[in-house]
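# Per-entry structural report
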Amino acid sequence: MKHIEFQDKNGSFIIHDPENYSGLYLPLAGEKGLKSSITPNLGGDSKTDQNHFLLEPVSIENLHNNRNTRNFWCQVYKNTEAGDTALSGADPKLLGCWSVCGNSAEQEFQKFTDKQDESTLEAGFMWQKISRKSQKYGLQAEVTSFVTISGDMEVEYVEITNISEKKVEIVPTGAIPVYGRSADNLRDHRHVTSLLHRIRTTDYGVEVTPVLSFDERGHQKNNTTYFVYGSDENGEKPESFYPTVEEFIGEGGTFLNPEAVRINKPGKPSGTELQGKEAVGGIRFSRKTLKPRETAGYILLCGIADAGEQQFPRKENTDKKAIDPAKASKWIESLTSGCRTRSQVRNMLEEVKEHWIRKVNVAFETGSEDADNYLKWICFQPILRRIYGCSFLPYHDYGKGGRGWRDLWQDCLALLIMEPSEVRQMIIDNYGGVRIDGTNATIIGSGQGEFIADRNNITRVWMDHSFWPFVTTKLYLDQTGDLDVLFEKIPYFKDLQSKRGTAHDEEWNSSYGNLQKTDANEIYHGTVLEHILLQNLCAFFDVGDHNEMCLHGADWNDALDMAWEKGESVAFTCAYAGNLKDIAYVLREIESVQGINRIELAEEMECLFACGKQLYENPEKKQKVLKQYTDLSAHNLSGNKVVLSLKMVCSNLEEKADWLVENIRKNEWIQDGDKGWFNGYYDNHGRKVEYSAVSDETDNKAGAECNTRMMLTGQVFAVMSGTATEEQIQAICRSADAYLYDRKAGGYRLNTDFKEEKFDLGRMFGFAYGEKENGAVFSHMAVMYANALYKTGHAKEGYKVLQTLLDTAMDFERSKMYPGIPEYFDNQGRGLYAYLTGAASWYMLTMITEVFGVKGQLGDMVIAPALMPEQYDQEGKASLKIEFAGRKFSIHIFNREKKEWNKVQIKEAFCDGTLLSAEGGRQARLKRSEIEKLTLEKVHEINIILN
Ligand code: G1P
């Protein structure tokens, strides 16, 4: 049976009885403002940041008991042919209370026994519609939920239809509990913070303005108002309100069986003021008689009037003036009055749908409409991570908001494809987070280029961090040809941390500020290129006893975090070797294209160009060079520059890269019959972490048991960086297939089962095997594995990785997830941590640049497809819609006989009918100068004919 049924080519889908599956939720958000999550029962939460939660914060384990949430009730009266009998109070004619969200004690009880309701969910980007039919009550309801593009409010539009043959009488009541405070108060001062609440009812709703906010920033005067408003479809006011939990659920009541609904309790009129209680936006509408097939509509709006964002500029801690409630109410009134009728809501919904569809301006046609629709959601995911960071969906309950450094840069990869115009400045601003010791700020503010000093003084260096910025920058250079960006000048980040997490700069204090200065007390600026060189050269010298780069706090795998002293990451030593080579490549281009042959750097950095085999082979000597540099730059810089020849810089980088590669090939390769792989790590005892049970001598083994230990990460970066030779790549593929591949779990696992709680390497070994960073099929690393394979001409192997992931996600019975790619699949193949994963950026990028082979090459567009026969449709055609250099392209690859990718050549290539050069049959090229002549409005057709 097919569970997910797509409705169009834009990812809209339906699913029946979604509440019968656990852990499902959708994101609903605006471009800024509200970030909500919503389950099929309308559970989930809504917030603008850690300190402003409109609905009570939820984690994944709260979803199945998340009942104090958005709800909409109908008290349904026994049919009387006469229609409207005047009834009140606990009513003998009351047939029952029906929740249009399936969120009542009665529905809960009957869910798996005597199922009375049928439900269907329809959803797309940033909206969902749940339809529910009750035979018992003769009613059908549709609830459409979305957040406005501006993110000012979340909208619930409820339509109730009489599907019986007789008149039905209902009293509709909407209820959205207002949490109205910081997530910190979930357990810390939960009750005390409710005493701060000031609650009032207006003509249309309930407003809650806490007097103070209590959170990690201390106690401050609050200037935020939380609201729930309602109207009927014609904009009519509600009848009355239930503004407090106490009143709504009653003594001994629950949100599944609230007293106000159960006994038809009269509500409070508008103009009521209450204090010091848990709040609810309980909104009671007037009694309504529905004729057969008649429909009535109701609108609930909820949001956060952040006085800071709106009419009163927020000055944290300094603004001691009390918020003027009338002002907030006025703003809420003006906001909600534009969304008070059926047609207003409909228009808004259309705008929302259109907006997010437009944002995802990439589309694939690969012979399977379902797969193409999953890919649509994957392309949408990087946008979601830009909005939500890693903190604000039910699985993602870590951190207090914002994104990590590595995620910041990798999300940029996708944005480069989807919103390229904004990325240039983003790249420049993000380099402002680099410290003068080559490490970087790890707390990233909400504004672009805003970095915050670590409040807790936790010195943690993730040794992979310096690797990612150049990866993104390289893609940018290739897509745009804009080499000038490398010469943009920006400052460095400065805080207490110094010498790569090994010391504090005691001379620094907050009055120095967060920008690196010179001895002359001026802010020091260096080029983007200088930042790149610094990051990668410092890493080169930062080695451990085995002459591989120190692991420090961890690398890409955050859970390898317990080998501070002696840990080394060979995986990322490979990665940096690749960077050094690529930087040299770009610099040679600069020399040949722009004629530049010298560059200027801070004079302190000159020592990082020290070279020679003797130095390279000696870890102590390398550490000394690093020390020399970090001593020189421990506090201020001199401000003097040194001029270096570009040729010298290039050959220096290449020499270093070559040495790294040779050293790794020589010392880290593990042979295992016809298989083999690279050891990726050293543990805190300085022992090799990976080995083969077949052929390794035991003396260097980290664990007692002699089970084969292989990790994927080391292989990915060895392949991607060109460290692995062709023969080695083949052996790696055989090993990965033998030791890591598990079709049922979704593909290639991150590692084999070490069967040891390896506390000399990281917390990952505390996780159950097959979960998350300990041996799950972790999509992000798997996709990077695919990328590395495609890049080195192993398309078939790469395809297997990508396709297994996609097939697993698409197999709903197992993955139990809405469309998209999850962070990982567990041992049963369930997809976990929906939406927010770096895997999405890399998946999309790999599909475009490797599978379709549409890449930038210093501004030109080059097309070298590597599609498998099954990725073409019946006619042997595969298509990609994409923007490049501000132009829209529809690229079609024709392989009529569906031959293997490496058995065909490009016969002809056209852009809008004009012949393109098919370089050696390998790739077609559209020159930048030609692209720039193309019009901006029209979609340009590129046809690539293979034979
Ligand atoms: C997450 C983090 C990422 C980290 C990875 C492994 O992956 O976001 O920074 O490298 O775990 O620890 P993601 O959610 O991007 O798949």
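Residues numbered from 1 in each chain as written. Predicted model: local features only at pLDDT ≥ 70, side-chain atom pairs only at ≥ 80, totals over all residues. Heavy atoms only, no water.

In the annotation of an unreviewed UniProt entry, the entry for the chain reads Cellobiose phosphorylase, and the organism field reads Blautia faecis.

## Considerations on the overall build of the chain
In terms of regular secondary structure, the chain is built from 22 helices and 50 strands. Relative to the 2.2 N^0.38 estimate, which gives 30 Å for 947 residues, the radius of gyration of the chain is 30 Å and therefore close to what a compact globule would have. Looking at the chain as a whole, 62% of its 947 residues are labelled buried. Considering only intrachain contacts with a sequence separation of at least 6, the fraction spanning at least 24 residues in the chain is 71%. Averaging the locations of the 111 positively and 138 negatively charged side chains of the chain gives two centres separated by 2 Å. (Helix = DSSP H or I, 4+ residues; strand = E, 2+ residues; numbered from the N terminus. Rg over C-alpha atoms; globule rule 2.2 N^0.38 Å. Buried < 20%, exposed > 50% of the residue type's maximum accessible area, 1.4 Å probe, protein only. Contact = heavy atoms within 4.5 Å. Lys, Arg positive; Asp, Glu negative; His and termini not counted. Charge placed at Lys NZ, Arg CZ, Asp CG, Glu CD.)

## A short note on unusual backbone geometry
For H189, which is not a glycine, the phi torsion comes out positive at approximately 65 degrees. Relative to the elements of secondary structure, H189 occurs in the loop between β13 (168-178) and α2 (190-194). With a phi angle near 65 degrees, N521 is a residue other than glycine that sits in the positive phi range.

## Thoughts on the packing of aromatic side chains
Under the criterion given, the structure shown has 46 aromatic pairs. The lysine or arginine in question, R287, covers the ring of Y77, its NZ or CZ lying 4.4 Å from the ring centre. Across from the ring centre of Y204, 3.5 Å away, lies the NZ or CZ of R340, which sits over that ring. (Phe/Tyr/Trp six-rings, centres within 6.5 Å; stacked < 30°, edge-to-face > 60°. Lys NZ or Arg CZ within 6 Å of the ring centre and 35° of its normal.)

## Here we look at helix α10 (residues 468-480)
The terminal C-alpha atoms of α10, which comprises 13 residues, lie 19 Å apart, in line with the 18 Å expected from a rise of 1.5 Å per residue. Counting buried positions along α10 gives 11 out of 13 residues, so the element sits mostly inside the fold. Those residues of α10 lying buried are W468, P469, F470, V471, T472, T473, L475, Y476, L477, D478 and Q479. Positive phi appears at G481, one or two residues downstream of α10, with a value of about 70 degrees. (Expected span 1.5 Å × (residues − 1).)

## Thoughts on the nonpolar core
Judged by nonpolar contacts, the single largest core of 277 residues is most densely connected at I160, F717 and F889. Counting residues in hydrophobic clusters, the runner-up holds 14 residues, among them A175, F248, I249 and V261. (Core = buried A, V, L, I, M, F, W, Y, C linked by side-chain atoms within 4.5 Å.)

## A word on the environment of A840
Here A840 shows up in helix α21 (residues 838-851). In this structure A840 comes out as buried when scored by relative accessible area, which is 0%. When the C-alpha atoms of A840 and L375 are compared, they prove to be 9.1 Å apart, with 465 residues separating the residues in sequence. Residues within four places of A840 in sequence aside, it is in contact with I378, Q381, P382 and I821.

## Describing the pairing of strand β11 (residues 139-147)
Of all nine residues that make up β11, seven are buried, and the element is covered over most of its length. Strand direction decides the pairing type here: strand β10 (residues 127-134) and β11, joined by eight bridges, are antiparallel. Pairing of S134 across the sheet is with L139, part of β11. Linking β10 to β11, which pair antiparallel, is a turn of four residues; within it G138 sits at a positive phi near 65 degrees. As judged from the nine bridges shared by β11 and strand β12 (residues 153-162), these two strands associate in the antiparallel manner. Residue pairing for β12: E142 is matched across the bridge by E159. Count of turn residues in the β11/β12 antiparallel hairpin: five residues, of which G151 carries a positive phi of about 75 degrees. (Pairing = 2+ DSSP bridges.)

## Observations concerning the confidence of the model for the chain
On average, the chain scores 93 in pLDDT, and the residues at 70 or more come to 95%. In the model, residues 82-89 has pLDDT below 50 throughout and makes 14 contacts with residues more than four positions away in sequence or in other chains. When the criterion is pLDDT under 50, residues 309-320 qualifies, and its contacts beyond four places in sequence or with other chains add up to 24 contacts. (pLDDT = per-residue confidence, 0-100.)

## A closer look at the site of the ligand
Around the ligand sit 13 residues, and of these W556, E773, E823, T837 and G838 come closest. E823 places a side-chain nitrogen or oxygen 2.6 Å from an oxygen atom of the ligand. Contacts to the ligand include T837, whose side-chain N or O atom sits 2.7 Å from an oxygen atom. Here the shell around the ligand is built from residues that sort into three nonpolar, four polar and six charged. (Near = heavy atom within 4 Å. Polar contact = N/O pair within 3.5 Å; in protein donor to acceptor, adjacent residues only side chain to side chain. Nonpolar A, V, L, I, M, F, W, Y, C, P; charged D, E, K, R; others polar.)

## Things to note about the side chain of N361
Looking at the secondary structure, you find N361 in the loop between α6 (342-359) and β24 (363-365). Judged by its relative accessible area of 18%, N361 is buried. From its side chain, N361 meets the backbone oxygen of M418 in a polar contact 3.1 Å long. A polar atom in the side chain of N361 sits 3.4 Å from the side chain of E883.

## Details of the sheet that holds strand β2 (residues 13-16)
Taken in spatial order, the 11 strands make up an open sheet running β1-β2-β9-β10-β11-β12-β23-β18-β15-β14-β20, and their pairing is antiparallel. Each end of this open sheet is capped by a strand with a single partner; those strands are β1 (5-6) and β20 (273-275). Alignment of strand β9 (residues 117-124) against β10, held across eight bridges, turns out to be antiparallel. Across the sheet, the residue bridging to T120 is S131, located in β10.

## Thoughts on helix α9 (residues 420-431)
With 12 residues, α9 ought to run about 16 Å at 1.5 Å a step, and its terminal C-alpha atoms sit 17 Å apart, in line with that. Within α9, the full set of buried residues consists of V423, M426, I427, I428, N430 and Y431. On its buried face, α9 is in contact with α8 (405-418), β26 (451-452), α10, β27 (489-491) and α11 (528-541).

## Things to note about the side chain of T161
Take T161: it is sitting in strand β12. Polar contacts involving the side chain of T161 include one to the side chain of T295, which spans 2.8 Å. When near neighbours in sequence (up to four residues on either side) are disregarded, T161 contacts G138, L139, Q140, L290, R293, E294 and T295.

## A closer look at the pattern of salt bridges
Taken as a whole, this structure holds 67 salt bridges when the rule is applied. Among the salt bridges present, the one from K641 reaches E530, with a minimum N-O distance of 4.0 Å. With K641 in strand β33 (residues 641-645) and E530 in helix α11, the pair connects residues that are 111 residues apart, well separated along the chain. The buried category is assigned to E530, whose relative accessible area is 0%. Counted as one network, the salt bridges with shared partners bring together E31, K359, R386 and E419. (Salt bridge = Lys/Arg side-chain N within 4 Å of Asp/Glu carboxyl O.)

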